[in-house]
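# What the coordinates show
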Amino acid sequence: MKVIAINGSPNKKGNTFHALNEMGKVFGEEGIEFEILQTGHMDIHGCIGCGGCAKNRDEKCVLPDDGVNELIQRIKKADGIVFGSPVYYSGIPGTLKSFLDRLFYVAGVNGSLFRHKVGASVVAVRRSGGLPTFQQLNNYLLYSEMVIASSNYWNVIHGSRPGEVLEDEEGLQILRILAKNMVWIMRLVENGKDKVIEPDRERKIFTNFIR
């Protein structure tokens, strides 16, 4: 089995990386392959709502190639996905939002590529804004019928300078428990595939409140 983590920070070796890497240590101990994909530094255009991916159904975004389509194919093969983000004005950075909007839009209109995969969100923050950012990340997981792993507290770890999160003992425990729970759930999913019938995927119903 494999877990892919998305580092949405523009700082390749910042606190978001260190947080994800701590989870990676647990995955390694459990024999789970682990890889961090760095996206925060990429020049990623935001979704333009053209609906091209829904029309083509080829698991690709129609915007000019900026690396997103390659990442989609790599992520969809993982058993578990962790989304890591720093906090920018009590939210995720703009580049990460552009990436996640396109990633999940393409995944959704192509048969729910991430449905029932095990997912988790992790936030690295200096002081405030961790919970709004955590919820913003979770919105993508919840909408996609992913199985969300939890810990013994909200998945927020604190630090300012790169590497400072490694001094947050409670935060490190949160990540350690989160990683262990992810492994457990992934194994439950894997071992239950031939024993428990997966519920049928329902076609999405769209409504609005204009009368």
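Use the structure listed above.
Here's what I pulled together on the structure shown here. Since we're looking at a predicted model, the values are computed, not measured.

## Observations concerning the pairing of strand 2 (residues 33-38)
Of the pairings in the sheet, the one linking strand 1 (residues 2-7) to strand 2 comprises six bridges and is parallel in character. Its bridge partner lying in strand 2, Ile 6 is registered against Leu 37. Regarding the hand of the β-α-β motif, the stretch spanning strand 1, helix 1 (residues 15-29) and strand 2 is right-handed.

## Observations regarding the packing of aromatic side chains
Throughout the structure, instances matching the rule amount to five aromatic pairs. Ring geometry for Phe 27 against Phe 34: centres 5.4 Å apart, planes inclined by 35°, an arrangement best described as tilted. Residue classification places Phe 34 among the partly exposed residues on the basis of a relative accessible area of 23%. Look at Phe 83 and Phe 104: their rings are 5.6 Å apart centre to centre, the planes differ by 50°, and that puts the pair in the tilted class. Taken together, the residues Phe 83 in strand 3 (residues 80-86) and Phe 104 in helix 4 (residues 94-109) connect sequence positions 21 residues apart. Comparing Phe 83 with Phe 104, the two get one shared label, buried. An aromatic cluster is defined as three or more aromatic residues linked by ring pairs; in this entry it consists of Phe 83, Phe 104, Phe 114 and Tyr 140. Just above the ring of Phe 206 sits the side chain of Lys 204; from NZ or CZ to the centre is 6.0 Å.

## Thoughts on helix 3 (residues 68-76)
All of the buried residues in helix 3 are Val 68, Asn 69, Leu 71, Ile 72 and Ile 75. The arc enclosing the buried residues of helix 3, seen along the axis, measures out at 160°, which places them on a common side.

## A short note on the environment of Asp 58
Inspection of the secondary structure puts Asp 58 in the loop between helix 2 (52-56) and helix 3. Asp 58 gets classed as partly exposed once you look at its relative accessible area, which sits at 37%. Within the structure, the side chain of Asp 58 is placed 3.1 Å from the backbone nitrogen of Lys 60, a separation counted as a polar contact.

## Brief notes about the side chain of Ser 9
Tracing the chain through its elements places Ser 9 in the loop between strand 1 and helix 1. Among the polar contacts listed, one links the side chain of Ser 9 to the backbone nitrogen of Asn 11, at a separation of 3.0 Å. In this view, Ser 9 contacts Thr 16, Gln 38, Gly 40, His 41 and Pro 86; residues no more than four positions away in its chain are not counted.

## Here's the deal with the pattern of salt bridges
Taken as a whole and judged by the stated rule, the model has 13 salt bridges. Of the charged contacts in the structure, one is a salt bridge between Glu 35 and Lys 2, with a shortest N-O distance of 2.8 Å. Residue Glu 35 is found in strand 2, and its partner Lys 2 is found in strand 1; the two are separated by 33 residues along the sequence. Among the ionic pairs, Arg 161 bridges to Glu 164, the shortest N-O distance being 2.8 Å. Each of Lys 2, Glu 33, Glu 35, Glu 70 and Arg 74 takes part in salt bridges that share partners, so that together they form one network.

Conventions and cut-offs
Residues numbered from 1 in each chain as written. Predicted model: local features only at pLDDT ≥ 70, side-chain atom pairs only at ≥ 80, totals over all residues. Heavy atoms only, no water. Pairing = 2+ DSSP bridges. Helix = DSSP H or I, 4+ residues; strand = E, 2+ residues; numbered from the N terminus. Right-handed = clockwise from strand over helix to strand, strands pointing away. Phe/Tyr/Trp six-rings, centres within 6.5 Å; stacked < 30°, edge-to-face > 60°. Buried < 20%, exposed > 50% of the residue type's maximum accessible area, 1.4 Å probe, protein only. Lys NZ or Arg CZ within 6 Å of the ring centre and 35° of its normal. Arc of directions from axis to C-beta. Polar contact = N/O pair within 3.5 Å; in protein donor to acceptor, adjacent residues only side chain to side chain. Contact = heavy atoms within 4.5 Å. Salt bridge = Lys/Arg side-chain N within 4 Å of Asp/Glu carboxyl O.

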